[in-house]
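# A look at the structure
Chain residues, written in single-letter form:
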There are 2 protein chains.
Amino acid sequence: MAVTINDVARAAGISKSTVSQYLNGRFEFMSYETRQRISQVIAELEYRPNALARSLKQKKTNTVAAVVSSILNPFMTNTIRGAEDYCKENGFNLILCNADDDPAQELAYLHTLASKQIDGILISTTGRNNEALRSLNLSGTPVVLFSRHVPEIEADTVCVDNKLGIDLGIRHLMAHGHRRIAFFVLPHSQSPVTPRRERAQAYCDLVREYGLPASEAWLVETTNDEAILSKRIEELLRQEPKPTALFGANDLMTMSLVRVLANKGLRIPQDMAVLGFDDWEWAPYLQTPITVVAQPSYEMGRRAMERLIMRIRSKNDAMPPALEHYEPELIIRRSCGER
Amino acid sequence: MAVTINDVARAAGISKSTVSQYLNGRFEFMSYETRQRISQVIAELEYRPNALARSLKQKKTNTVAAVVSSILNPFMTNTIRGAEDYCKENGFNLILCNADDDPAQELAYLHTLASKQIDGILISTTGRNNEALRSLNLSGTPVVLFSRHVPEIEADTVCVDNKLGIDLGIRHLMAHGHRRIAFFVLPHSQSPVTPRRERAQAYCDLVREYGLPASEAWLVETTNDEAILSKRIEELLRQEPKPTALFGANDLMTMSLVRVLANKGLRIPQDMAVLGFDDWEWAPYLQTPITVVAQPSYEMGRRAMERLIMRIRSKNDAMPPALEHYEPELIIRRSCGER
DNA sequence: CTGAAAGCGCTAACAA
DNA sequence: TTGTTAGCGCTTTCAG
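Think of each chain on its own: its residues are numbered from 1, step by step along the sequence as written. Key to labels: chains lettered from A, ligands numbered from 1, both in the order written. For this predicted model, a pLDDT threshold of at least 70 governs which residues receive local features, and a threshold of 80 or more governs which side-chain atom pairs are given and counted, while totals over whole chains, interfaces and linings are taken from all residues. Side-chain numbers come from the whole structure's heavy atoms, not from hydrogens or water.

Right, let's get into the overall build of chain A. A helix here means a DSSP run of H or I that spans at least four residues, while a strand means a run of E at least two residues long, and both kinds are numbered starting from the N terminus. From N to C terminus, chain A includes 12 helices and 12 strands. The globule rule used here is 2.2 Å times the number of residues to the 0.38 power, and the radius of gyration it is set against is calculated over C-alpha atoms. Computed over its C-alpha atoms, the radius of gyration of chain A comes to 26 Å, more than 25% above the 20 Å expected for a compact globule of 339 residues. Within chain A, the fraction of its 339 residues that count as buried is 51%. Contact between two residues is taken to exist if any of their heavy atoms lie within 4.5 Å; hydrogens are not considered. If you take every contact in chain A between residues at least 6 apart in sequence, the share linking residues at least 24 apart comes to 68%. When the accessible area of chain A is evaluated, it comes to approximately 15200 Å², of which 50% is carbon and sulfur surface. Each charge class in chain A was averaged separately, 40 positive and 41 negative side chains, and the resulting centres sit 3 Å apart. Classification of residues uses two cut-offs on accessible area relative to the type maximum, computed with a 1.4 Å probe and protein chains only: under 20% is buried, over 50% is exposed, and between them is partly exposed. For the accessible areas, the method is Shrake-Rupley and the probe is 1.4 Å, while residue cover comes only from the protein chains on display. Only four residue types enter the tally: Lys and Arg on the positive side, Asp and Glu on the negative side; His and the chain ends are excluded. We put the charge of a Lys on NZ, of an Arg on CZ, of an Asp on CG and of a Glu on CD.

Turning next to the protein's contact with DNA strand C. For DNA strand C, the set of nearby residues contains 27 residues, the closest of which are Ile5, Lys16 and Tyr47 of chain A together with Ser15 and Thr34 of chain B. Being near a molecule or strand, for a residue, comes down to having at least one heavy atom within 4 Å of it. In the interface set of DNA strand C, defined as its atoms within 4 Å of the protein, sugar plus phosphate atoms amount to 65%. Polar contacts, as counted here, are pairs of nitrogen or oxygen atoms within 3.5 Å of one another; within protein the pair requires one atom able to donate a hydrogen and one able to accept it, and residues that are adjacent in sequence qualify only if both atoms are side-chain atoms. In the model, a phosphate oxygen of DNA strand C is placed 2.8 Å from a nitrogen or oxygen of the Asn50 of chain A main chain. Contacts to DNA strand C include Lys57 of chain A, whose side-chain N or O atom sits 3.4 Å from a base oxygen. At the level of secondary structure, the elements contributing two or more residues to the surface near DNA strand C comprise helix 2 (16-23) and helix 4 (51-58) of chain A together with helix 2 (16-23) and helix 4 (51-58) of chain B. The residue inventory of the surface near DNA strand C, partitioned by class, reads 10 nonpolar, 11 polar and 6 charged. Residues are grouped as follows: Ala, Val, Leu, Ile, Met, Phe, Trp, Tyr, Cys and Pro are nonpolar; Asp, Glu, Lys and Arg are charged; every other residue, Gly included, is polar.

Here we take up the sheet that holds strand 3 (residues 120-123) of chain B. All names here are of chain B. Pairing within the open sheet is parallel, and its 6 strands lie in the order 2-1-3-4-5-11. Each edge of the sheet is formed by a strand with only one pairing partner; in this case those strands are strand 2 (93-98) and strand 11 (323-326). For this sheet, the mean angle separating the axes of adjacent strands, direction not counted, is 15°. When DSSP finds two or more bridges between two strands, those strands count as paired. By the bridge criterion, 3 bridges tie strand 4 (residues 143-146) to strand 5 (residues 156-160) in an arrangement that is parallel. Bridge pairing in strand 5 places Val144 opposite Asp156. Helix axes are fitted only over the stretch in contact, all axes being lines through C-alpha atoms; the angle between N-to-C directions runs from 0 to 180 degrees.

The two copies are related by a screw motion: chain B maps onto chain A through a turn of 180° and a shift of 0.0 Å along the axis, at an RMSD of 0.1 Å. Accordingly, the operation relating the two chain copies is best matched by a two-fold axis. When C-alpha distances to the rotation axis are compared across chain B, the minimum falls at Gln287 of chain B, with a value of 1.9 Å. Both copies share a contact surface, since 100% of the interface residues of chain B are interface residues in chain A too. We superpose the copies by least squares over the C-alpha atoms of residues that have a pLDDT of at least 70 in both of them.

This paragraph deals with the side chain of His176 of chain B. Along the polypeptide, His176 of chain B turns up in the loop between helix 8 (162-175) and strand 6 (181-185). Within the structure, His176 of chain B has its side chain in polar contact with the backbone oxygen of His172 of chain B (distance 3.0 Å).

Listed as interface residues are 39 residues of chain B and, on the opposing side, 39 residues of chain A. Accessible area that two parts lose when put together, with a 1.4 Å probe and added across both, is what the buried area reports. Across the chain B/chain A interface, buried area totals approximately 3600 Å², and carbon plus sulfur atoms make up 59% of it. The largest share of the area that chain B buries against chain A comes from Leu52, Trp282 and Tyr285 of chain B, three residues that together contribute 20% of it. Any carboxyl oxygen of Asp or Glu within 4 Å of a side-chain nitrogen of Lys or Arg constitutes a salt bridge here. Inspection of the region where chain B meets chain A yields 2 salt bridges. The partner of Glu281 of chain A in a salt bridge is Arg259 of chain B, and the shortest N-O contact between them spans 3.4 Å. Summed over the shared surface of chain B and chain A, the number is 8 residue pairs in polar contact (both at pLDDT 80 or more). At the level of elements, helix 4, helix 5 (74-89), strand 2, helix 6 (103-115) and helix 11 (251-263) of chain B are the ones that each hand at least two residues to the side of chain B that touches chain A. A class-by-class count of the residues in the side of chain B that touches chain A yields 17 nonpolar, 13 polar and 9 charged.

Turning our attention to the packing of aromatic side chains. Each Phe, Tyr or Trp ring (for Trp, its six-membered ring) is paired with any other whose centre lies within 6.5 Å, and the angle between the two planes then decides the class: stacked below 30 degrees, edge-to-face above 60, tilted in between. With the rule as written, the count across this model stands at 10 aromatic pairs over all chains. When the ring of Phe183 of chain A is compared with that of Phe247 of chain A, the centres are 5.3 Å apart and the planes differ by 85°; the resulting orientation is edge-to-face. Here Phe183 of chain A, found in strand 6 (residues 181-185), pairs with Phe247 of chain A, found in strand 8 (residues 245-248); they are 64 residues apart in sequence, far enough to count as distant. Phe247 of chain A shares its class with Phe183 of chain A; the two are buried. Ring pairs connect the aromatic residues Phe183, Tyr203 and Phe247 of chain A, which therefore count as one cluster. Should the NZ of a Lys or the CZ of an Arg lie within 6 Å of a ring centre and within 35 degrees of the ring normal, that charge is described as sitting over the ring. The ring of Phe27 of chain B carries the charged tip of Arg35 of chain B above its face, separated from the ring centre by 3.8 Å.

On to helix 12 (residues 297-313) of chain A, then. All names here are of chain A. Given a helix with a known number of residues, its expected span is that number minus one, times 1.5 Å. A rise of 1.5 Å per residue sets the reference length of helix 12, with its 17 residues, at 24 Å; its end C-alpha atoms lie 24 Å apart and thus fit the reference within 8%. Of the residues making up helix 12, those classed as buried are Ser297, Met300, Gly301, Ala304, Met305, Arg307, Leu308, Ile309, Arg311 and Ile312. Two residues or fewer after helix 12 comes Lys315, characterised by a positive phi angle close to 55°.

Now for helix 7 (residues 130-138) of chain A. Residues and elements named next belong to chain A. Residues Asn130, Ala132, Leu133, Leu136 and Asn137 constitute the buried set of helix 7. An end-on view of helix 7 places all buried positions within 165° of arc, on one side of the element. The exposed residues of helix 7 that point more than 90 degrees off its buried face are Glu131 and Leu138. Looking at the buried residues of helix 7, the elements they touch are helix 6 (103-115), strand 3 (120-123) and strand 4 (143-146). Looking one or two residues past helix 7, Gly140 carries a phi angle of roughly 100°, positive in sign. The arc in question is formed by the directions pointing from the helix axis toward the C-beta atoms.

What follows is about the state of the cysteines. Note on terminology: disulfide denotes any pair of cysteine sulfur atoms within 2.5 Å. Applying the stated criterion across every chain yields a total of 0 disulfides over all chains. With no disulfide of its own, Cys159 of chain A lies closest to Cys204 of chain A among cysteine sulfurs, the gap being 20 Å.

All names here are of chain A. What you see with strand 4 is no split at all: Val143 and Leu145 on one side and Val144 and Phe146 on the other are buried throughout. Taken together, the 3 bridges between strand 3 and strand 4 define a ladder with parallel strand orientation. When the bridges of strand 4 are listed, Ile123 appears paired with Leu145. Think of it like this: strands point away, you trace from the first strand over the helix to the second, and a clockwise trace means the crossover is right-handed. Following the chain from strand 3 across helix 7 to the adjacent parallel strand 4, one finds a crossover that is right-handed.

A separate point is the sheet that holds strand 7 (residues 219-221) of chain A. Residues and elements named next belong to chain A. Taken together, 6 strands build an open sheet; the order of strands is 7-6-8-9-10-12 and the sheet is mixed. Lying at the two open borders of the sheet, with one neighbouring strand each, are strand 7 and strand 12 (329-331). Strand-to-strand twist across the sheet, computed as the mean angle between neighbouring axes with direction ignored, equals 20°. Against the sheet, helix 9 (residues 194-209) touches strand 6, strand 7 and strand 9 (273-277), its axis set at about 170° to strand 6. Running over the sheet, helix 11 (residues 251-263) touches strand 6, strand 8 and strand 9 and is turned about 160° from strand 9.

On to the protein's contact with DNA strand D. Lining the immediate environment of DNA strand D, one finds 28 residues, of which Ser15 and Thr34 of chain A together with Ile5, Lys16 and Tyr47 of chain B sit closest. Take the atoms of DNA strand D that sit within 4 Å of the protein: sugar and phosphate atoms are 63% of them. At 3.2 Å from a phosphate oxygen of DNA strand D is found a side-chain nitrogen or oxygen belonging to Thr18 of chain A. Contacts to DNA strand D include Ser20 of chain B, whose side-chain N or O atom sits 3.0 Å from a phosphate oxygen. Breaking the surface near DNA strand D down by element, the ones donating at least two residues are helix 2 and helix 4 of chain A together with helix 2 and helix 4 of chain B.

Listed below in C-alpha cells is the structure:
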C-alpha cells in the first residue's frame, strides 16, 4: 500500500494539515524544526503526494493536452516540441493525443481529456467538433487552436499566413521560368479545414493574378497515399501541355510527391520541378534537395502554448480571442532548378 | 461549474449510488425505466464522470505511460505506434514522456507518473534509475523494459538480438568485398545502456572471428552531433589504411553519418560504403538508398505493451519476468555497393 | 431494485 | 504555530 499524507503526519507526530502546508510551500507559520522533521520523514518514507487527490480537491491538474492531426507530420512534431518546451519551463505536464484527422477520434479524446480534468487544450482540429470545443472553452477549459483557424470557435489561434506562403512559392517558381504549375492539396472542398482551403484559393487567385496558364486539372485534390498519388500524376502527365512544376500543399503531400517521382524515375528538377509547403528534416539531403516554403513551427508551438497557459492562469477571463499570423519563409534548395 | 453525479441523481430523482451502478454497467438490479431515465438525463446534462474522483476511489487510472529516450528516433516512434495501437484496442490511455536520455529527466518523469497513479510504465531506460524502477515494479506499478535490457531490474523486457544484427551487417559488408569496417557508436564504456555495449562487443568479436583487419581507431565512440562526427570522420580518413565502410550503431547515428558524408561531398558507396542499424522512413529515398539492419519495431512496441497490460490485469502476480528477443532483418538497398 | 453512509488522499478555512 | 473539520466526486458495502 502506498504511503499517504497520514502516514507522514503520524511518523512525524503532527497533524496532516501541517504536512499539507509543507507540501504546498506555506512555511511561514511553521517552526523550523517541524519543517525539518517533515522533510526528513518524507525522504525516509519516500512519500509522493497523490496527484489525483490533490487535483480533485484543487480543481486543477497542472496538465494540458495537445491534440494533433498526425504525429507523422514533421510540421506537427516541431510544433509539439515548441509547446513541450514551454510547458516544461512552466511546470505543466503535456499529454499528447494523436487524433489522426478523424473527427470521431478527436471527439473521443476531447471527452476523455475533459473527464481527466485537464487544464487546457491545444488543438489542430478537424473542424468537425466545433460545438464541443466551444463548450469546453466556455465552461472553463481554455482551448487554443493552432495551424487551423475556425472562425466559429472564439478562441486564440496561432497560424501561418497561407496566402503569403503560396505567393512566395509561386513567385519563386516563376523566377525559374515555370509557368505551368500544378498544385497538390488534400480534398478540401467540403472539408472545414482552413489551411488547405486558403492555400488552394491562394493558388487559384495568384495564378490568375500573375496571368499564368491555368487548368482545372492542375489543381489536384488528392490524398497523399502514394498509390493514388501516382495515378493522379500519370493522368496529369498524359495531357498536353503538361505542368513543369508540382507544388505540394503540405509536408506529407510533398514527401509523397518526391517519392512517387523517384519511383517513376523522374528527375527533379530536370524532368519536373518540385516545391513544398512546410520544411522537413530530410528535405536538404534527398537526391535533389527540396525547396520549400517553411513555417516557423517551433515558435508557433511555443507561442500557442504560451497563450494557452496564460489563459489558464488568468482563468480565461474576458480578454477577446486573438488571431495571430506568422510569416512563412522561402528556403531555396535545388528542386526548382539551379540559380 | 461542471455537472456531477449528484446533479444527475437529483435530475433523475434517484440516489447517486444508483447512478454510479449505471455508470459501471451494473444494470442487473435496476429497473428498465430507471436505466432509461438515467441515460436520458446524462445525455441532457452532458454529464461526464470525473475520472480523477473515480480513479482516486478505484485505485486505477486506466492510463499507462511510455518513457522513451528520444522522439526524434524513428525506431522509438515506430515502437510507440505499436504500443499506442495496443493500448487503444484495450481501452487504455497512453501518456508519452520524452526523457531525452537524461537520467534526471527520466527520474522526474517516474516521480510525476507515480504521483499521477499511472497503472504501468513502458520504458527504454537510461539505466541510471534502476532502484526507482525496481521499487515501482515491486510496489504495484508494473514496469516493462523495451529496447534496453537491464539485468538488475527484474521486469519483462522486449529487445532485439543485437549480436545477430551486427553479424548480418558485417557479413553483408564482407559479401561486398569490404574488410576494413569502422563502427560508429555512442559512448558506451561507462554507460549502463546495453544495446550499444552489446553491439560494440559484437562488432569486436565478429571482426576477430572473421579475421578482418582491426584497429582501435575503427571502433568510433562518438555522439551523433554532426560537427563532432565530421571531425571524427576526418581523423579516420587521415590514417592509412582507411576503412572502406562505416557501420552506424543506430538510426540517429547512421542518419548523421549520411549527412556528414553528403556535406563532405563523399559519394556512397563509391567513396565510402554505409550500413545502418535500424531502418527509417527516408532511408530508401536518399541520394543512395541506405542498406540497414532493421528491428521489427512496431511489433516490439505492441508486444511490450501487451505484456505490460497483462501484468496490470494480473496485478503483477508471481509470474517470473520474461526476456524476449526479436530477430533483426537485413534490408538491402544500395549503400554497400551494387550487386 | 434503491438509498444511506463511509471513505479514497488531499486541501483549506477556521479554531485553538 | 498547529490541529479540527468539512468536503472534492466518485464507488461500494450494507440495509431496506
